[in-house]
Amino acid sequence: MSERLRSVAGIALATGLLVSVSPAQAQVETGPWTSYSPSFTVQERGCGNVDNLTFHLTCSTASGDQRAERRYATYTGGTRQFEGSFRITSLGGTRISLKQTFREAPTAGPFWMLAVERGGRLYAVHGGATIATGATVGATVRVNTVHNTATEHRTYINGSRAHTYASSGTSFYDKFGAYRTSSGQGPATVTWSNIRFWRK
């Protein structure tokens, strides 16, 4: 680098003109997006255990409510985006839900659920469609969901659009962790990281 370029770079750094890439740029789809930090509660049921962002199902029980999750605050209307990365550190069971979008109104109930089978197939619990493969033990997978509450819920895996689901309703919330589906069982341990939320 020439002396002149070094000087320009030094001045720019000193005046704050050169900035690192913002984490907000990790999001998918065009904005403008506004980041926000919704509150959450921790849900532990059955043999579920939560340790910060690590979620354990410690039993192989194939019945009952076995869950270890974070449940985030309800959002109403507009378009919301969730981003997070998960890494399965052990999976002795199969068909474990990792991420949910839950409808609260007008009718409460699970709206969309992303689950994993032993072997690494990610699938939509409602309908059973394969969303991606390769979610094996030790692999890190980034998940983005973009949800226009009135029209559509879109899922991206590692930045590529992988699933689209029609949406209607007013109030929803996000959940993630490890949750035994009706056809699944543990044990399982999943660690999530880089959790972010945006709205527009």
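Rules and cut-offs
- Residues numbered from 1 in each chain as written.
- Predicted model: local features only at pLDDT ≥ 70, side-chain atom pairs only at ≥ 80, totals over all residues.
- Heavy atoms only, no water.
- Disulfide = S-S within 2.5 Å.
- Helix = DSSP H or I, 4+ residues; strand = E, 2+ residues; numbered from the N terminus.
- Buried < 20%, exposed > 50% of the residue type's maximum accessible area, 1.4 Å probe, protein only.
- Phe/Tyr/Trp six-rings, centres within 6.5 Å; stacked < 30°, edge-to-face > 60°.
- Pairing = 2+ DSSP bridges.

## Some remarks on the state of the cysteines
Phase 1 of the analysis: One pass over the structure, following the stated rule, counts one disulfide.
Phase 2 of the analysis: Between the sulfur atoms of C47 and its disulfide mate C59 the distance is 2.2 Å. Where C47 bonds to C59 through sulfur, the torsion about that S-S bond is close to -65°, and the disulfide is left-handed. Pair noted here: C47 is in the loop between β2 (40-45) and β3 (48-51) and C59 is in the loop between β4 (54-57) and β5 (67-72), with a separation of twelve residues, a long-range link. Accessibility classification places C47 together with C59 in one group, the buried group.

## Quick word on the packing of aromatic side chains
Phase 1 of the analysis: Under the counting rule described, the total for this entry stands at 14 aromatic pairs.
Phase 2 of the analysis: Relative to F176, the ring of Y72 lies with its centre 5.7 Å away and its plane at 25°, an arrangement referred to as stacked. With Y72 in strand β5 and F176 in strand β15 (residues 171-185), this pair connects stretches of sequence that are 104 residues apart. Neither residue differs from the other here; Y72 and F176 are each classed as buried.
Phase 3 of the analysis: Plain terms: the ring middles of F176 and W192 are 4.9 Å apart, the flat faces sit at 45° to each other, and that makes the pair tilted. With F176 in strand β15 and W192 in strand β16 (residues 188-199), this pair connects stretches of sequence that are 16 residues apart. Like F176, the residue W192 is buried in the burial classification.
Phase 4 of the analysis: Site record: aromatic cluster; members linked through ring pairs are Y36, F40, F55, Y72, F82, F86, F176, W192 and F197.

## Observations regarding the pairing of strand β14 (residues 160-166)
Phase 1 of the analysis: Taken together, the six bridges between strand β13 (residues 152-157) and β14 define a ladder with antiparallel strand orientation. Note on β14: the bridge partner recorded for Y156 is R161.
Phase 2 of the analysis: Here β13 folds back onto β14, and the loop between the two strands holds two residues, one of which, N158, carries a positive phi near 50°.

## Some points on the pairing of strand β12 (residues 140-148)
Phase 1 of the analysis: Where strand β7 (residues 79-91) meets β12, nine bridges bridge the pair, whose relative direction is antiparallel. Within β12, the position partnered with E83 by the bridge is N144.
Phase 2 of the analysis: Strand direction decides the pairing type here: β12 and β13, joined by six bridges, are antiparallel. The residue of β13 that forms the bridge with T145 is T155.
Phase 3 of the analysis: Here β12 folds back onto β13 in antiparallel fashion, the turn holding three residues.

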